[in-house]
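# Structural description and commentary
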Amino acid sequence: MSSTGVNVLRWSALAVGVFYGFSHQRTITTTQRAAHEQHEYEQKQKLIDQAKAEFAKQKNPQPASQSDVITDVNSPKFDLEKYLLQVAKENP
């Protein structure tokens with residue numbers, strides 16, 4: 001009688017383990033597929049942004065005098081001294 005109960009317990013544990021393994025593998029596969037699709041989307045978006053930047057650069061070239069001075073005050077590379085020197089050259 002006890003061997004029947006043990007066998008039922010063993011088979012039940014096996015069934016639960018197989019079900020858990022199957023469901024866990026499905027979640028892992030779904031997560032990896034979503035990450036891969038996100039990576040592909042980011043790569044395509046990066047290429048599109050580069051193409052837009054190159055197109056804008058070809059259609060609207062900046063003069064050489066303004067390209068080396070950053071006029072955006074909020075930019076971390078903004079240099080007040082260079083900006084004031086440029087303004088002084090333009091307005092003598």
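Conventions adopted
Residues numbered from 1 in each chain as written. Predicted model: local features only at pLDDT ≥ 70, side-chain atom pairs only at ≥ 80, totals over all residues. Heavy atoms only, no water. Helix = DSSP H or I, 4+ residues; strand = E, 2+ residues; numbered from the N terminus. Rg over C-alpha atoms; globule rule 2.2 N^0.38 Å. Buried < 20%, exposed > 50% of the residue type's maximum accessible area, 1.4 Å probe, protein only. Lys, Arg positive; Asp, Glu negative; His and termini not counted. Charge placed at Lys NZ, Arg CZ, Asp CG, Glu CD. pLDDT = per-residue confidence, 0-100.

In this section: the overall build of the protein. When you go through the protein residue by residue, the secondary structure sums to three helices and zero strands. In the protein, the succession of helices and strands from N to C terminus is α-α-α. Here the C-alpha radius of gyration of the protein, 32 Å, is well above what a compact globule of 92 residues would show, namely 12 Å. Principal axes of the C-alpha set define a box for the protein whose edges measure 105 × 30 × 10 Å. Taking all 92 residues of the protein together, 3% fall into the buried category. Taking the average location of the 11 positive side-chain charges in the protein and that of its 10 negative ones, the two points are 12 Å from each other.

Attention shifts here to the environment of Lys-82. With respect to the helices and strands, the residue Lys-82 is situated in helix 3 (residues 80–90). Exposure remark for Lys-82: the relative accessible area of 47% places this residue in the partly exposed category. Sequence separation of Lys-82 and Asp-68 is 14 residues, and the distance between their C-alpha atoms is 9.0 Å.

Another point: the confidence of the model for the protein. One rule of thumb: low pLDDT means the predicted coordinates there are not for detailed reading. Model confidence for the protein is summarised by a mean pLDDT of 88, while 91% of its residues fall at 70 or above. The least confident element of the protein is helix 2 (residues 64–67), whose mean pLDDT is 51; the most confident is helix 1 (residues 2–59), at 94.

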